[in-house]
Amino acid sequence: MHALHAVIAVKSLDRAKSRLADRLRPEHRARLVLAMLADTVSAAVAVPRIASVTVVTPDPVVADLARTLGAVVHPEPRRVIDATDPDGLNTALTDAAAALRHRHGPVELLALQADLPALRPDELSDMLTTAPEGVRSVVVDHAGSGTAALVVRDTVAPLDPRFGPGSARRHIAAGAVDLHGDWPGLRLDVDTAEDLDRAVELGAGDSTGAVLHDIGWPIRVNERVRRVC
């Protein structure tokens, strides 16, 4: 079995979760982004199949947090103006994936969203076992249009990320296998207040639950959060 390494891209905190702007102040959104990243990385590093987790970001606060969680930090590459990648997410993931293979040689790759607060290690482990060897696979998000995870179980094929609006369709059109499995936490990336409520119902990780309780999110999260184990 080949080694598999994960990559996660995170934007600057001052650009964090704009779709929650009507519910949360900027400083609360920044704290929430950090908390969701902490829960995502904590779940990923707890999976034995994952040899390392790399966080690519331009933000020093995000980088510091990633290091404390046991992740490797990769600096965000210089932005290239590209209408198909306006946030630079795909460029960042591609650059980090290339650096991983330069460092470790031929390895399998996993690109994860950074905002999966209800992710459980056993879900992630099961998904990686389900993903077929020799191909690129995707986990479509709970909304049915985005991509929660992109897996390349081929040690030489490029990551070829196509994240952004409608990314699931683009990944599948490019040949990725649509993985089917009962992984609600893995599929639940958070963009809206409804997504956040759903994550609480599933069982948000410790970091996210603590922040939501602290900022007074209107759900009794202290009774519903769970520990990542």
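Everything discussed here concerns the structure shown above.
Residues numbered from 1 in each chain as written. Predicted model: local features only at pLDDT ≥ 70, side-chain atom pairs only at ≥ 80, totals over all residues. Heavy atoms only, no water.

J.: Describe in detail the environment of D126, supporting the description with residues and values.
T.: Following the sequence through the fold, D126 ends up in helix α4 (residues 121–130). Residue classification places D126 among the partly exposed residues on the basis of a relative accessible area of 39%. D126 sits 25 residues away from V151 along the chain, and the two C-alpha atoms are 13 Å apart. (Helix = DSSP H or I, 4+ residues; strand = E, 2+ residues; numbered from the N terminus. Buried < 20%, exposed > 50% of the residue type's maximum accessible area, 1.4 Å probe, protein only.)

J.: Report on helix α1 (residues 26–45), specifying residues and quantitative values.
T.: For α1, with 20 residues, the first-to-last C-alpha span of 29 Å sits near the 28 Å given by 1.5 Å per residue. Counting buried positions along α1 yields 15 of 20 residues, so the element is predominantly enclosed. (Expected span 1.5 Å × (residues − 1).)

J.: So what about the layout of surface pockets? Which residues, and what values?
T.: Size it by volume and the largest pocket reaches roughly 1,000 Å³. The wall of the largest pocket is formed by 41 residues, among which K11, K17, Q113, D115 and D191 lie closest to the centre. Residue assignment for the lining of the largest pocket shows that the elements contributing at least two residues are α1, α3 (89–104) and α5 (167–173). By residue number, the principal contributor to the lining of the largest pocket is α3, which donates 4 residues. Counted by class, the lining of the largest pocket contains 14 nonpolar, 14 polar and 13 charged residues. (1 Å grid on protein atoms, 1.4 Å probe; cavity = no way out; pocket = protein on both sides within 12 Å on 5 of 7 lines; lining within 4 Å. Points joined across faces, edges and corners; volume = space filled by probe spheres on them. Nonpolar A, V, L, I, M, F, W, Y, C, P; charged D, E, K, R; others polar.)

J.: Pulling in residues and values, what's your account of the environment of V177?
T.: Position of V177 relative to the elements: it lies in strand β7 (residues 177–178). A sequence separation of 134 residues divides V177 from A43, and the C-alpha atoms of the two residues are 23 Å apart. The contact partners of V177, leaving out residues within four places of it in the chain, are V135, R136, S137 and V138. (Contact = heavy atoms within 4.5 Å.)

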